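Inside the fold
The primary structure of each chain is shown beneath.
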Amino acid sequence: MQLQPFSVNDGEGIRTTIFLAGCPLRCKWCSNPEGYSREALVGWYQRKCVGCGKCAAVCPQGIGINLNEERDKCIACGKCAEVCPTNARSVLVHEVDADEVLEAIQKHRLFYAMSGGGITFSGGEATGQPKFLNYLTEHIYDLGYSMTIETSGFFEFEDVRESLERMDLIFMDLKHIDSATHQKYTGIPNEKILENMKRLQHLPGEVVIRIPVIGGVNNDEDNIRRSAAFVHANIPKARMELLPYHNFGMIKYEAIGRPYQKEAFYRPSVEEMNHLREIVAGEGIELADFR
């Protein structure tokens, strides 16, 4: 999806975050909907468009200015994005060679060394391309850079075991402790996620279990308490981080012509978030904060 240098919220120090496309979940609050599939994808930001028509002039498919009206014809060649003067057309997902990624991240190696930073894998779903991930982690490990991964936890453990063993820090989401509710809002049950979460206890890296706190979905005290109790019982070395809901990704839904399922979600107040963190701490879990 993208290579984001100078990231400071995805682990310690200054980092480069590698966003890998493809995700098995369909969270209704997802802020990166362009990462659902690994297919190449071009976005159109109507609010940036000045209607110059340069995109239409170079499109081999004959698509006009409003990409979303003719998205079924788009082959995501990216020619429109190359000529757009306002970045209203943007390549959101594209194919790249792993060695190109390795070359790109080394441009910032001085920042990793000076800040105690490194590389973070995110998505989409970072484990969705296990061979690609393994190749990258093997070479980055040899380069000596610190590595972190952010994952939904829905993967075949043995497919990514070697990559996970190379991580200094693993963030895994726990979106809801109840499987039926988890499936209602993400499209899949949580049994595999919880089993994979248990196995993190035996990996060498640090572990942080994240709860994206979505008002109206998982912000009730019972869910937070049960989630913390599960972590305490099964991954005692783990810390937990509670992150309040945001809708910063809404503009991306517009860009890819997909409706945003806002439903009744809301951002919990500062007071509510602090109360929920107190519940986690009361279950004997150390809190983490990378904001």
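Treat the numbers as computed from the prediction; the structure is a model and nothing was measured.

1. Remarks on helix 8 (residues 191-199)
- Those residues of helix 8 lying buried are Ile 193, Leu 194, Asn 196 and Met 197. The buried residues of helix 8 occupy an angular sector of 165° when the element is viewed end-on, so they sit on one face.
- On its buried face, helix 8 is in contact with helix 6 (157-165), strand 7 (169-173), helix 7 (179-186), strand 8 (206-213) and helix 9 (221-234).

2. Looking at the packing of aromatic side chains
- One pass over the structure, following the stated rule, counts 7 aromatic pairs.
- Aromatic side chains Trp 29 and Tyr 185 sit 6.4 Å apart centroid to centroid with 40° between the ring planes, which places their arrangement in the tilted category. Taken together, the residues span a long stretch of sequence, with Trp 29 in the loop between strand 2 (15-20) and strand 3 (41-44) and Tyr 185 in helix 7 at a distance of 156 residues.
- For Tyr 185, a relative accessible area of 10% translates into the label buried.
- A ring pair is formed by Tyr 245 and Phe 265, whose centres lie 6.1 Å apart and whose planes are at 70°; its orientation type is edge-to-face. One end of the pair, Tyr 245, is in the loop between strand 9 (239-244) and helix 10 (250-255); the other, Phe 265, is in the loop between helix 10 and helix 11 (270-282), and 20 residues separate them in sequence.

3. Here we look at helix 7
- Burial in helix 7 covers these residues: Ser 179, His 182, Tyr 185 and Thr 186. Burial along helix 7 is one-sided: seen end-on, the buried residues are contained in an arc of 135°. Turned more than 90 degrees away from the buried face of helix 7, the exposed residues are Ala 180 and Lys 184.
- Looking at the buried side of helix 7, the elements it contacts are helix 8.
- At the N-terminal boundary of helix 7, the capping side chain belongs to Asp 178, with an oxygen 3.3 Å from the backbone nitrogen of Ala 180.
- With its phi angle positive at about 95°, Gly 187 sits one or two positions after the end of helix 7.

4. A closer look at a nonpolar patch on the surface
- Residues Phe 6, Leu 110, Phe 111 and Met 114 make up a contiguous nonpolar surface patch of about 460 Å² in total accessible area.
- Per element, the largest residue contribution to the nonpolar patch is 3 residues, and it comes from helix 4 (residues 109-115).
- For Leu 110, the location among the structural elements is in helix 4.

5. Structural notes on the environment of Tyr 245
- Residue Tyr 245 is classed as buried on the basis of its relative accessible area, which comes to 5%.
- Each C-alpha atom of the pair Tyr 245 and Gly 13 lies 24 Å from the other, and the pair is 232 residues apart in sequence.
- What Tyr 245 contacts, discounting residues up to four positions off in sequence, is Trp 29, Val 213, Ile 214, Tyr 260, Phe 265, Tyr 266, Arg 267 and Pro 268.

6. A closer look at the pattern of salt bridges
- Evaluation of the coordinates by the stated rule reveals 15 salt bridges.
- Taking the shortest distance from any N to any O, the salt bridge between Glu 34 and Lys 252 comes out at 3.1 Å. Here the residue Glu 34 occupies a position in the loop between strand 2 and strand 3, and Lys 252 occupies one in helix 10, the gap between them amounting to 218 residues.
- When its relative accessible area of 7% is taken as the criterion, Glu 34 is described as buried.
- When the shortest N-O distance is used, the salt bridge between Glu 70 and Lys 73 registers 2.9 Å.

Rules and cut-offs
- Along each chain, numbering runs from 1 in the same order as the chain's sequence is written.
- Local features in this predicted model are restricted to residues whose pLDDT is 70 or higher, and side-chain atom pairs enter the listing and the counts only when it is 80 or higher, whereas totals over whole chains, interfaces and linings include all residues.
- To obtain the side-chain values, all non-hydrogen atoms of the structure were used and water was disregarded.
- Residue burial is assigned from relative accessible area. The probe radius is 1.4 Å, only protein chains are included, and a residue is buried under 20% of its type maximum, exposed over 50%, and partly exposed in between.
- Each helix corresponds to a stretch of at least 4 residues labelled H or I by DSSP, and each strand to a stretch of at least 2 residues labelled E; elements are numbered beginning at the N terminus.
- The arc in question is formed by the directions pointing from the helix axis toward the C-beta atoms.
- When checking whether two residues touch, look at their non-hydrogen atoms; a contact exists if any pair is within 4.5 Å.
- To pair, rings of Phe, Tyr and Trp, with the six-membered ring standing in for Trp, must have centres within 6.5 Å; the planes then decide the type, stacked if under 30 degrees apart, edge-to-face if over 60, and tilted in the middle.
- Definition of a polar contact: a pair of N or O atoms within 3.5 Å, with one able to donate and the other able to accept a hydrogen when the atoms are protein atoms, and with sequence-neighbouring residues admitted only if both atoms are side-chain atoms.
- Like-charged residues within 9 Å of one another, or nonpolar side chains (Val, Leu, Ile, Met, Phe, Trp, Tyr) within 5 Å, are grouped into patches, provided each residue has over 30% relative accessible area and no salt bridge.
- Computed by Shrake-Rupley with a 1.4 Å probe, the accessible areas treat only the displayed protein chains as cover when residues are assessed.
- Think of a salt bridge as a Lys or Arg side-chain nitrogen and an Asp or Glu carboxyl oxygen that are within 4 Å of each other.

Honestly, that's just the spatial picture; any functional story needs more than this.
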